[in-house]
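Now for the letters of each chain:
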Amino acid sequence: MSALLPENWQKFLNDAGFDNALWELPLAKADARRSLTQVFPPENKIFNAFALTPPEKVRVVILGQDPYHGDGQAEGLAFSVPEGIPLPPSLRNIFKEFESDLQIPAPASGHLGNWAKKGVLLINAVLSVDAHCPGSHADFGWERFTDSVIAALDKEKSGLVFILWGSFARKKAALIDRKKHTLIENAHPSPLSAYRGFFGSKPFSAVKNALPGWEW
């Protein structure tokens, strides 16, 4: 396997009682698919969210479903696309809500690396996908790994903010202690559901209210 979960995250998960096999097995399945078809994100980006946001810096967790499946879009950060790539519809709606909520301009680029470096862990429940086939790696075991990440953060930290957009992400709420952390649960920002509870939900100001001194 060419990609590795960063050592600081391996230690964090091990200390919380989770085994490395939880990420090694689905990664091996994704690597095997690469010999047969195009897989996103590129193998050197599959753990990008964990590389940019070490466990000790996590303040906010934004959970997506699986990576973008279009050419050049996925970069290992939920909802983010590389510099110069047009905004996908969900990210365009996220930026609309950002501007409406905070009354400040949205980021100039769809690359959310600055959020990640501030402490926003941008993870998908499933970390890989076949090109142009959404949900194609749903049975690889990634969800057991990302469940372990959320459970470890819940156990080892306090005062985090978890943003769960859509019914898929909201299933993870059962892993989170609401007495220790803040949960923000709303409709998904996709065009199919953004007008059914995402627009006007003000998640970005809710993070600022939960984390004194936080700036996006």
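Structure shown above.
The model shown is predicted, which means the values in this text are computed figures rather than measured ones.

J.: Any chance you could explain the overall build of the protein here in plain terms?
T.: Looking only at helices and strands, the protein has eight helices and six strands in total. Relative to its length of 216 residues, the protein is compact, with a C-alpha radius of gyration of 16 Å against a globular reference of 17 Å. Considering only C-alpha atoms, the protein reaches an extent of 45 × 40 × 25 Å along its principal axes. Burial analysis of the protein (216 residues in total) assigns 53% to the buried set. Counting contacts in the protein only where the partners sit at least 6 residues apart, residues at least 24 apart contribute 66% of the total. Here the protein has roughly 9800 Å² of accessible surface; of this, 52% comes from carbon and sulfur atoms. Once the 23 positive and 23 negative side-chain charges of the protein are each reduced to a mean point, those two points are 5 Å apart.

J.: Would you mind going over the packing of aromatic side chains with me for this structure?
T.: Here the distance between the centres and the angle between the planes together describe a pair of aromatic rings. As enumerated under the stated definition, the model contains 20 aromatic pairs in all. On the numbers, 5.8 Å between centres and 55 degrees between planes, the contact of phenylalanine 198 with phenylalanine 199 is tilted. What makes phenylalanine 198 buried here is its relative accessible area of 0%. Look at phenylalanine 199 and you get partly exposed, because its relative accessible area is 24%. With centroids separated by 5.6 Å and ring planes inclined at 80 degrees, the aromatic side chains of tryptophan 214 and tryptophan 216 adopt a geometry described as edge-to-face. For the residue pair tryptophan 214 and tryptophan 216, the accessibility class agrees, reading buried in each case. By way of ring pairs, the aromatic residues Phe79, Phe98, Trp115, Trp165, Tyr195, Phe198, Phe199, Phe204, Trp214 and Trp216 are connected into one cluster.

J.: Looking at this structure, I do not really get the pattern of salt bridges. What am I missing?
T.: Side chains that differ in charge, positive against negative, can pair when their charged atoms come close. Evaluated as defined, the whole model comprises eight salt bridges. Here arginine 170 ties to glutamate 185 by a salt bridge, and the two come within 3.1 Å at their closest N and O atoms. In this pair, arginine 170 sits in helix α7 (residues 166-170) while glutamate 185 sits in strand β6 (residues 182-186), placing the two residues 15 residues apart along the sequence. Taking relative accessible area as the criterion, glutamate 185 reaches 22% and is therefore assigned partly exposed. We note a salt bridge from glutamate 185 to arginine 178, for which the minimum N-O separation is 2.7 Å. We classify arginine 178 as exposed; its relative accessible area is 52%. Counted as one network, the salt bridges with shared partners bring together Glu143, Asp147 and Lys172.

J.: I tried to follow the sheet that holds β6 on my own but got confused; where do I start?
T.: Strand pairing within a sheet occurs via backbone hydrogen bonds; the two strands may be parallel or antiparallel. The strand order across the open sheet built from four strands is β3-β2-β5-β6, with neighbouring strands paired in parallel fashion. Only two strands of the sheet have a single partner each, and these edge strands are β3 (120-124) and β6. On average, each strand axis in the sheet is tilted by 15 degrees relative to the strand beside it, whichever way the strands run. Bridging between strand β2 (residues 60-64) and strand β5 (residues 161-165) involves four bridges; their strand directions are parallel. Within β5, the position partnered with valine 61 by the bridge is phenylalanine 162. On top of the sheet, helix α6 (residues 142-156) reaches β2, β3 and β5; it is set at about 155 degrees to β3, its chief contact.

J.: Please explain helix α4 (residues 89-102) as it appears in this structure.
T.: Residues lying three or four places apart along an α-helix face the same way, a consequence of the helix completing one turn every 3.6 residues. Spanning 14 residues, α4 covers 20 Å between terminal C-alpha atoms, matching the ideal 20 Å at 1.5 Å per step. Here α4 has its buried residues at Ser90, Leu91, Asn93, Ile94, Phe95, Glu97, Phe98, Asp101 and Leu102. Turning to α4, the residues buried within the fold contact α5 (113-118), β5 and α8 (203-210). Positive backbone phi, approximately 60 degrees, marks glutamine 103, located one or two places after α4.

The rules behind each value
Residues numbered from 1 in each chain as written. Predicted model: local features only at pLDDT ≥ 70, side-chain atom pairs only at ≥ 80, totals over all residues. Heavy atoms only, no water. Helix = DSSP H or I, 4+ residues; strand = E, 2+ residues; numbered from the N terminus. Rg over C-alpha atoms; globule rule 2.2 N^0.38 Å. Buried < 20%, exposed > 50% of the residue type's maximum accessible area, 1.4 Å probe, protein only. Contact = heavy atoms within 4.5 Å. Areas by Shrake-Rupley, 256 points an atom, 1.4 Å probe, with all protein chains shown as cover. Lys, Arg positive; Asp, Glu negative; His and termini not counted. Charge placed at Lys NZ, Arg CZ, Asp CG, Glu CD. Phe/Tyr/Trp six-rings, centres within 6.5 Å; stacked < 30°, edge-to-face > 60°. Salt bridge = Lys/Arg side-chain N within 4 Å of Asp/Glu carboxyl O. Pairing = 2+ DSSP bridges. Axes fitted to C-alpha atoms, helices over the stretch in contact; angles between N-to-C directions. Expected span 1.5 Å × (residues − 1).

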